[in-house]
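Observations on the three-dimensional arrangement
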Amino acid sequence: QVQLVESGGGLVQTGGSLRLSCAFSGRTFGSYAVGWFRQAPGKEREFVAHITRSGVSIYYVDSVKGRFTISRDNAKNTVYLQMNSLKPEDTAVYYCAAGNSIVVIRRPTEYDYWGQGTQVTVSS
């Protein structure tokens, strides 16, 4: 019933920027908190950022603080991840995920719905 679709990935040089979008459909968007995760080849899925239902509370993994910004526009049913000062270490498939009963925001199993992912590649 809930569908999430990521877009905005691509290839950029070190220091460049990308803006990822996550489009939500199927149920009331304002009832769901949303997180961004990423997964590089051979590595576990890593928490990146989280935004609560109202957008008041925001959380980031330490490695992206000061560079990435998560936001949401409930009128457009969309969550964004603005990524600046990109590094090769940011290269991964990025996923958005949603849930309405999230307790531990860093754990992927807390989220009920996932998008298919969008590839971000940062060249040196």
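1. Focus: the nonpolar core
Counting residues in each nonpolar core, the largest one holds 36 residues, and the members touching the most others are Trp36, Val48, Phe68, Val79, Leu81, Met83 and Tyr94. Listed by contribution, the elements that provide at least two residues to this core are strand 3 (18–25), strand 4 (33–39), strand 5 (46–51), strand 7 (68–73), strand 8 (78–83), strand 9 (92–99) and strand 11 (118–123). With five residues, strand 9 is the single largest residue contributor to this core.

2. Structural notes on the pairing of strand 7
Along strand 7, the buried face is formed by Phe68, Ile70 and Arg72; none of Thr69, Ser71 and Asp73, which line the opposite face, is buried. Where strand 7 meets strand 8, six bridges bridge the pair, whose relative direction is antiparallel. For Thr69, the partnering residue across the bridge sits in strand 8 and is Gln82. Connecting strand 7 to the next strand, strand 8, in antiparallel fashion are four residues, including Asn77 with a positive phi near 55 degrees.

3. Section: the side chain of His50
Its location among the elements puts His50 in strand 5. Within the structure, the side chain of His50 is placed 2.8 Å from the side chain of Tyr111, a separation counted as a polar contact.

4. Concerning the pattern of salt bridges
With the rule as written, the count across this model stands at four salt bridges. The salt bridge partner of Glu46 is Arg38, with a shortest N-O separation of 2.8 Å. Residue Glu46 is classed as partly exposed on the basis of its relative accessible area of 30%. Residue Arg38 is classed as buried on the basis of its relative accessible area of 6%. Across the salt bridge formed by Asp90 and Arg67, the nearest N and O atoms sit 2.8 Å from each other. Taken together, the positions of Asp90 in the loop between strand 8 and strand 9 and Arg67 in the loop between strand 6 (58–60) and strand 7 put the pair 23 residues apart, joining distant regions of the chain.

5. Quick notes on the packing of aromatic side chains
One pass over the structure, following the stated rule, counts eight aromatic pairs. Ring centres of Tyr32 and Tyr113 lie 6.1 Å apart, and the angle between their planes is 70 degrees; on these two criteria the pair is classed as edge-to-face. Of this pair, Tyr32 sits in the loop between strand 3 and strand 4 while Tyr113 sits in strand 10 (residues 113–114); the two residues are 81 residues apart in sequence, bridging distant segments of the chain. Classification of Tyr32 as buried rests on a relative accessible area of 4%. On the basis of relative accessibility, which here comes to 22%, the residue Tyr113 falls in the partly exposed class. Judged by centre distance (6.5 Å) and plane angle (75 degrees), the ring pair of Tyr95 and Trp114 falls under edge-to-face. Of this pair, Tyr95 sits in strand 9 while Trp114 sits in strand 10, and the two are 19 residues apart along the sequence. Classification of Trp114 by relative accessible area gives partly exposed; the value is 25%. Above the face of the Tyr80 ring, Arg19 is positioned so that its terminal group lies 3.9 Å from the ring centre.

Scoring rules and cut-offs
Residues numbered from 1 in each chain as written. Predicted model: local features only at pLDDT ≥ 70, side-chain atom pairs only at ≥ 80, totals over all residues. Heavy atoms only, no water. Core = buried A, V, L, I, M, F, W, Y, C linked by side-chain atoms within 4.5 Å. Buried < 20%, exposed > 50% of the residue type's maximum accessible area, 1.4 Å probe, protein only. Helix = DSSP H or I, 4+ residues; strand = E, 2+ residues; numbered from the N terminus. Pairing = 2+ DSSP bridges. Polar contact = N/O pair within 3.5 Å; in protein donor to acceptor, adjacent residues only side chain to side chain. Salt bridge = Lys/Arg side-chain N within 4 Å of Asp/Glu carboxyl O. Phe/Tyr/Trp six-rings, centres within 6.5 Å; stacked < 30°, edge-to-face > 60°. Lys NZ or Arg CZ within 6 Å of the ring centre and 35° of its normal.

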